[in-house]
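# Close look at the chain arrangement
What follows is each chain in one-letter form.
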Amino acid sequence: MERLEHRACFGGWQDVYRHRSDVLGCDMTVGVYLPPQAAGGTRLPVLYWLSGLTCTEQNFITKAGAQRYAAEHGIILVAPDTSPRGDDVPDAEGYDLGKGAGFYVNATQDPWARHYRMDDYVVRELPAWVEAHFPASDARAISGHSMGGHGALALALRNPGRYRSVSAFAPIVAPSRVPWGEKAFGAYLGPDREAWKRYDATELVATATERLPLLVDQGGDDEFLDGQLRPHLLQAACEAAGHPLELRIHPGYDHSYYFIASFIGRHIAHHAAALSA
């Protein structure tokens, strides 16, 4: 692996690494924030952050202001890129399919299946790499924004016992029923909509074997609220299944990182409580 950036931040270090991913068949970049407590040698819990469409690891580490809170609570932050990258990796026109739009699924369809295996990367390969190279424990939490919020919810619900807590900002809660998800799932997973359900949070809560509480913050003035995000569908699904959900709608806030920065401290406190339990 190669360290690309090393910057002092709130008593710790904000680094960016490049490492080889066997699962994705390409090199990946990952932001890793080591809080000051990491210098003591104690293994610390990890919060994995999944970003949204068009993003890389840079959006979260430069805009969210999360390092301050991670330093307070002694949590390592890990923010991977949103898709495989490289000249051999297939892409598509537009921002919502291909590079920058991995949707955190394991693709089954050509030409995507060879590289687009973000499910396996985030759930298995990335934590193994983190826990092998950094003072990280196996106490894990997961969060994300928009497409990454979808990924955080779906991966947590599909992997009971893997994460101690989960949260999301403006997630795509029902990708099987909105244009972004229908386009991506149709390309990556094929036309069988039954196959899509394994990555749809509103479907997964009905059969979840672990009642991991879901924390969701949503901007009330988000331009994608009604067409792509539709948090009321998750609320209805959780009520029907008896699955714990805290959904907070914030008037005036949009889809941007200004919204995330406003509430990231509350999310990290939420995760810190679960990770220390």
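Residues numbered from 1 in each chain as written. Predicted model: local features only at pLDDT ≥ 70, side-chain atom pairs only at ≥ 80, totals over all residues. Heavy atoms only, no water.

## Brief notes about the layout of surface pockets
Quick note on the threshold: Each cavity reported here is a set of points on a 1 Å grid over the protein atoms alone in which a 1.4 Å probe fits but cannot get out, each pocket an open set with protein on both sides within 12 Å along at least five of seven lines, and each lining residue one with an atom within 4 Å of a point. Grid points are joined across faces, edges and corners, and a volume is the space filled by probe spheres set on the points. As a working rule, the residues Ala, Val, Leu, Ile, Met, Phe, Trp, Tyr, Cys and Pro are called nonpolar, Asp, Glu, Lys and Arg charged, and the rest polar, with Gly in that last group.
Roughly 170 Å³ of volume is contained in the largest pocket. In this structure, the largest pocket is lined by Gly52, Leu53, Thr54, Cys55, Tyr95, His145, Ser146, Trp180, Phe224, His255, Ser256 and Tyr257. Here the residues of the lining of the largest pocket sort into 6 nonpolar, 6 polar and no charged.

## Let's talk about the packing of aromatic side chains
Counted only if it meets this: Centre distance within 6.5 Å is the pairing criterion for rings of Phe, Tyr and Trp, where only the six-membered ring of Trp is used; planes under 30 degrees apart are then read as stacked, over 60 as edge-to-face, and the remainder as tilted. The secondary structure listing takes helices from DSSP runs of H or I that are at least 4 residues long and strands from runs of E that are at least 2 residues long, numbered from the N terminus. Relative accessibility thresholds used throughout: buried, under 20% of the residue-type maximum; exposed, over 50%; partly exposed, between the two (1.4 Å probe, protein chains only).
In this structure the tally under the stated criterion is 16 aromatic pairs. When the ring of tryptophan 49 is compared with that of phenylalanine 60, the centres are 4.3 Å apart and the planes differ by 15°; the resulting orientation is stacked. With tryptophan 49 in strand E4 (residues 44-50) and phenylalanine 60 in helix H1 (residues 57-63), this residue pair connects regions lying 11 residues apart in the sequence. Tryptophan 49 sits in the buried class, given a relative accessible area of 1%. Considering the side-chain rings of phenylalanine 185 and tryptophan 196, the 5.9 Å spacing of their centres and the 75° angle between planes classify their relative orientation as edge-to-face. Here tryptophan 196 lies in helix H6 (residues 193-196) and phenylalanine 185 lies in helix H5 (residues 179-189), a separation of 11 residues in the sequence. As far as the burial class goes, phenylalanine 185 and tryptophan 196 line up, both buried. These aromatic residues form a ring-pair network of at least three members: Trp49, Phe60, Phe169, Tyr253, Phe259 and Phe263.

## Points about the sheet that holds strand E7 (residues 165-169)
Here is the rule we go by: Two strands are said to pair when DSSP picks up at least two bridges between them. With axes taken as lines fitted to C-alpha atoms, and helix axes fitted only over the stretch in contact, angles between N-to-C directions fall between 0 and 180 degrees.
One open sheet accounts for 9 strands, arranged E1-E2-E3-E5-E4-E6-E7-E8-E9; its pairing is mixed. Where the open sheet ends on each side, the last strands, each with one partner, are strand E1 (2-9) and strand E9 (245-250). Strand after strand, the sheet turns through a mean of 20° between neighbouring axes, direction not considered. Inspection of the sheet shows strand E6 (residues 136-144) paired to E7 by 2 bridges, in the parallel sense. Directly across from alanine 141, in E7, lies its bridge partner serine 165.

## With respect to the side chain of glutamate 57
Which entries qualify depends on this criterion: When charges are tallied, Lys and Arg are placed among the positive residues and Asp and Glu among the negative ones, while His and the ends of the chain are skipped. For salt bridges, the criterion is a side-chain nitrogen of Lys or Arg within 4 Å of an Asp or Glu carboxyl oxygen. Polar contact is defined as a pair of N or O atoms within 3.5 Å, subject to the rule that within protein one atom must be able to donate a hydrogen and the other to accept it, and that residues adjacent in sequence are counted only when both atoms are side-chain atoms.
Within the secondary structure layout, glutamate 57 lies in helix H1. Although glutamate 57 is buried, it makes no salt bridge; arginine 85 carries the closest opposite charge, 6.9 Å away. Separated by 2.8 Å, the side chains of glutamate 57 and threonine 29 make a polar contact.

## What about the environment of tyrosine 95?
Rules: Throughout, a contact is declared for two residues whenever any of their heavy atoms are within 4.5 Å.
With respect to the secondary-structure elements, tyrosine 95 resides in the loop between strand E5 (76-80) and helix H3 (118-133). On the accessibility criterion, tyrosine 95 (42% relative accessible area) is partly exposed. Along the chain, tyrosine 95 and histidine 145 lie 50 residues apart, while their C-alpha atoms are 16 Å from each other. Ignoring sequence-local partners within four residues, the contact set of tyrosine 95 consists of Leu53, Thr54, Ala101 and Trp180.

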